[in-house]
Amino acid sequence: MMSPQRIDNQPQRTHGSFRLRAGRPLPFGATLVPGGVNFSVFSRRATAATLVLFEKGSAEPLAEIPFPREFRIGDVFAMTVYDLDIERIEYGYRMDGPFDPASGQRFDPRMVLMDPYAKAISGRNVWGEPPDWNRPFQYRSCLVPEDFDWEDDRPLEIPLEDSIIYETHVRGFTRHPSSGVRHPGTFAGLMEKLPYLRELGVNCIELMPIFEFDEFDNSRTHPGTGERLLNCWGYNTVGFFAPKAGYAATGRFGMQVDELKTLVKELHRQGIEVILDVVYNHTAEGNEHGPTISYRGLDNSTYYMLTPEGYYFNFSGVGNTVNCNDPVVRDMVLDSLRYWVSEFHIDGFRFDLAAILGRDPSGRPLSNPPLLEALAFDPILGKCKLIAEAWDAGGLYQVGSFPAYGRWAEWNGKYRDTLRKFLRSDSGQLGELSQCLQGSPNLYGWNGRGPTASINFITCHDGFTLHDLVSYDHKHNEANGEDNRDGSDDNLSWNSGAEGDTDDPHIQALRLRRMKSAVALLMVSQGVPMLLAGDEVGRSQAGNNNNYCNDNELSWFDWSLVESRSGLLRFVKNCIAFRKQHPVLRSARHPRNSDFLGLGSSDISWHGTRAWFADWSPESRLLAFMLDGRYARDGQMPDDSLYVVMNGHWEPLTVELPAPPAGGSWHVFANTGADAPDDSYEPGTEPRLPEQRELLVGARSVVILVSR
Amino acid sequence: MALEVSLDVLDGTALIELMGDLDASSAFRLKEMVELAATREPKRLVLVLKELRYMASAGLRVLIFAKQKLGKDVELILVGAQESVLQTLQLTGIHQSVTLLDELPESLALERRRVPA
């Protein structure tokens, strides 16, 4: 018997030569369906909508198809168009409705708007290639088939306590002429550097924004050369579903989706996770003077937080604020994150200015923000890493109090500040420091969050590099064209005796030692370490602490440093390997400072120049701690014991050593006060300390001992 | 330059030769040819790309389509891809699911000569 012909995917009507059918309202965006494409777009207040189709690259539309009234369900316009060649089509929407800024409406049917759910966006296909500014429709939505061959790949789900994060920038990482890659500044270029990352030992890379953004949104010029400064950081999203075409060597073919997926797949093969730095707090449309790209023209008062007068609230510091707790916008954020996890196998996200995600539509902080809760409990995001930058430019600072729902980790800004103060020998830091080393239980222990709530870092893209932290007292941002007024003035840095470049070998040695001490402390702290790319080779930005607009040697990774700073690189590699070898450094729970297994000594103990007697007084700058390896992972993974001495004093100090708790003797893993190659050893090759009862610890140095 | 496509099917091998530019306007012709080849249930599909000057994303998509249309057990062999085409295949990961050869395997070349035009 023949089965009856299905009629549910047949066209119902025509518009010119196009055959149409009422579409399905979900999912939003353009979805390939049998025989056609389903277009669905939300607008609560538009009175009419038109689908605008373009032949790829052509300035004039190929067709404009108004959505018939019957194709609207609720606030969603949905239509299936048949027989479209998805390779040749770009699309957008015109929306009609009131233009009345005072009431928040800015409809303008003359504009063609980008689909907020566009999976690929054309218009900025090649990095830095100036667009045709006269073109009315700058950003074209493109269709993307979901046919990538992932084979057996899936997100790696590395336990957060085992993660070692490397924060980097897709373009800056390989754009420098010294990178030696075939496709500098692209996803493909980054892929060529995977052997380097693997050898370094990190198991997670955090990519600064890779969603489509406009590098041309900065109108400033370089004060010296007069060249236009590009926004190379990309914290100004154009579309939340589309990878930046200009970061793909194949962007000119519109193949950026495949190129990024290929990179993720290869990273996973190498055991490296991918976290995306995502920016949902504001968009590239800026304030009322900014361009109309998408959201503003689709439904301004839904997508943005507006003042009662219809202006843009600016909690982001850059013009507008996404109205994240409007239920429609909340869904868009969720849909976007789900898409990156399910389609791109992304392992986690770092949310820029995440405190904004906890504000209500009028800007008030919510005690139980629905978006943060939804993300924490979302089934598709169920295993991925969620990291908050727990503050915003509106003054909300939530480090330690970010609504976590048992899931969220935080960039621990207090860790950064305390470590910086200790590293420049400030007084009164040891109490705070001891908290930082334990995963900040003072911030996270009160509501049952463990050390993995704390993403530990001393430097990140925002601020000084590690080299500059020990080489500059003050920021030097002249190259940004803002008379050095931009960027933070509060860097907690110290130049070690001379501002900037110096030939003084003593100062150079001190800087190197302080850099090593910083990395050593980062790698022996409970919590999750994050290293800024290039810090492992002492990359400098010449004192620029806000390097968002220098797409040049000031921000590119100079690969010649891998040779010239090979000593520092070796030290960092050893520290990473050491952390990976010792589960006692990667606890999922805060130390209890007690003998809870009844072994005769506590899991962690605190010491000073005298063993068992820590000096917590304000003028003391030396602290030591011992981790009893028998307590590693609650006694489930017995490990060696470790002894870490941190001397923040400007003079060497003699330190009395306790005996290793389980017997054996102390071996030296690292001593930042020693010159290479005695500054560190490959784990497993540490030499025995000749004198077991006391140790001379150099000025501003860190010593790490391991029992065996 | 327009695209020229030809198809031979010999003993379980479907052989498609491409000349010219494979872009959005011509990719459908390759797609049709792949569909035709699929009806003959070949054990392998060989695409000879020596004379192909350019392949746009639409062409790459047809390769992915071919792989999925023919199934896992059918080997997809690309012969003589020029450098620019080859690079795009690599950057987008497509090279992982196909076999890339510089020359047509001798056995196939011989077989082709035996078959009268």
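Let me sum up the structure you'll find in this document. The structure displayed is predicted, hence computed values, not measured ones.

1. A few points about the packing of helix 6 (residues 327–344) of chain A against helix 7 (residues 370–377) of chain A
Residue and element names in this part refer to chain A.
Point 1. Running from N to C, helix 6 and helix 7 cross one another at 25 degrees; their axes reach a closest spacing of 10 Å. Considered as vectors, helix 6 and helix 7 are oriented roughly parallel to each other. Taken as a pair, helix 6 and helix 7 cross one another with a handedness that is right-handed. Together, Arg330, Val333, Leu334 and Leu337 of helix 6 and Pro370, Leu371, Ala374 and Leu375 of helix 7 make up the contact between the two elements.
Point 2. Of the residues that constitute the contact of helix 6 with helix 7, the class distribution is 7 nonpolar, no polar and 1 charged.

2. Describing the pattern of salt bridges
All names here are of chain A.
Point 1. Applying the stated rule across the entire model yields 46 salt bridges over all chains.
Point 2. The shortest N-O distance in the salt bridge between aspartate 352 and arginine 350 comes to 3.1 Å. With respect to class, aspartate 352 is no different from arginine 350; both count as buried.
Point 3. Within the structure, one salt-bridge network assembled from shared partners comprises Glu151, Lys265, Glu266 and Arg269.

3. Structural notes on unusual backbone geometry
Residue and element names in this part refer to chain A.
Point 1. Note the cis peptide between leucine 26 and proline 27, where omega equals -5 degrees.
Point 2. Tracing the chain through its elements places proline 27 in the loop between strand 2 (18–22) and strand 3 (29–33).
Point 3. Proline 677 follows alanine 676 through a cis peptide bond whose omega is 5 degrees.
Point 4. Following the sequence through the fold, proline 677 ends up in the loop between strand 26 (666–671) and strand 27 (694–697).
Point 5. With phi around 50 degrees, glutamate 151 is a residue other than glycine that occupies positive phi space.
Point 6. Mapped onto the elements, glutamate 151 comes out in the loop between strand 13 (140–142) and strand 14 (165–168).

4. A short note on the nonpolar core
Residues and elements named next belong to chain A.
Point 1. Core analysis: the biggest nonpolar cluster contains 185 residues, and Tyr166, Tyr196, Phe349 and Phe351 have the highest contact counts within it.
Point 2. Here this core gets 10 residues from one element, more than from any other, and that element is helix 6.
Point 3. Excluding residues that lie within four positions of it along the chain, tyrosine 196 makes contacts with Tyr166, Phe173, Glu536, Val537, Phe557, Trp559, Val562 and Leu569.

5. Describing the sheet that holds strand 21 (residues 528–532) of chain A
Strand pairing in a sheet takes place through backbone hydrogen bonds and is either antiparallel or parallel in direction.
All names here are of chain A.
Point 1. Strand order in the closed barrel formed by 8 strands is 14-15-16-17-18-19-20-21, with parallel pairing between adjacent strands. Across the sheet, the mean angle separating the axes of adjacent strands is 30 degrees when strand polarity is ignored.
Point 2. Summarising the sheet, strand 19 (residues 409–411) and strand 20 (residues 454–456) pair through 2 bridges and their orientation is parallel. Residue pairing in the sheet places glutamate 410 in a bridge with serine 454 of strand 20.

6. Observations concerning the sheet that holds strand 9 (residues 89–96) of chain A
Residue and element names in this part refer to chain A.
Point 1. Strand order in the open sheet made by the 5 strands is 6-5-9-13-12, with antiparallel pairing throughout. Of all strands in the sheet, those with a lone pairing partner are strand 6 (61–66) and strand 12 (120–122), marking the two edges. Neighbour-to-neighbour, the strand axes of the sheet open up by a mean angle of 35 degrees, direction not taken into account.
Point 2. Bridge count between strand 12 and strand 13: 3 bridges; the pairing is antiparallel. Within strand 13, the position partnered with isoleucine 121 by the bridge is serine 141.

7. Brief notes about the pairing of strand 24 (residues 642–647) of chain A
Residues and elements named next belong to chain A.
Point 1. Extensive coverage of strand 24 is indicated by the burial of 6 of its 6 residues.
Point 2. Neither face of strand 24 is open: one carries Leu642, Val644 and Met646, the other Tyr643, Val645 and Asn647, and all of them are buried.
Point 3. Across 6 bridges, strand 24 lies against strand 28 (residues 701–707) in antiparallel orientation. Bridged to methionine 646 within strand 28 is valine 702.

8. Overview of the interface of chain A and chain B
Point 1. In this assembly, 21 residues from chain A lie in contact with 20 residues from chain B.
Point 2. Counting the surface lost from both chain A and chain B, the interface buries some 1,800 Å², and carbon and sulfur atoms represent 53% of this.
Point 3. The tally of links from chain A across to chain B stands at 3 salt bridges.
Point 4. The partner of aspartate 258 of chain A in a salt bridge is arginine 61 of chain B, with the nearest N and O atoms 2.5 Å apart.
Point 5. In this assembly, chain A and chain B are joined by 10 residue pairs in polar contact (both at pLDDT 80 or more).
Point 6. It is helix 4 (residues 256–269) of chain A that contributes the most residues to the side of chain A that touches chain B, 6 residues altogether.
Point 7. Split into classes, the residues belonging to the side of chain A that touches chain B amount to 6 nonpolar, 3 polar and 12 charged.

The rules we used
- Residues numbered from 1 in each chain as written.
- Chains lettered and ligands numbered in written order.
- Predicted model: local features only at pLDDT ≥ 70, side-chain atom pairs only at ≥ 80, totals over all residues.
- Heavy atoms only, no water.
- Axes fitted to C-alpha atoms, helices over the stretch in contact; angles between N-to-C directions.
- Helix = DSSP H or I, 4+ residues; strand = E, 2+ residues; numbered from the N terminus.
- Parallel < 35°, antiparallel > 145°, perpendicular 65-115°, else oblique.
- Left-handed = near helix turned anticlockwise from the far one by under 90°.
- Contact = heavy atoms within 4.5 Å.
- Nonpolar A, V, L, I, M, F, W, Y, C, P; charged D, E, K, R; others polar.
- Salt bridge = Lys/Arg side-chain N within 4 Å of Asp/Glu carboxyl O.
- Buried < 20%, exposed > 50% of the residue type's maximum accessible area, 1.4 Å probe, protein only.
- Core = buried A, V, L, I, M, F, W, Y, C linked by side-chain atoms within 4.5 Å.
- Pairing = 2+ DSSP bridges.
- Buried area = accessible area lost by both parts, 1.4 Å probe.
- Polar contact = N/O pair within 3.5 Å; in protein donor to acceptor, adjacent residues only side chain to side chain.

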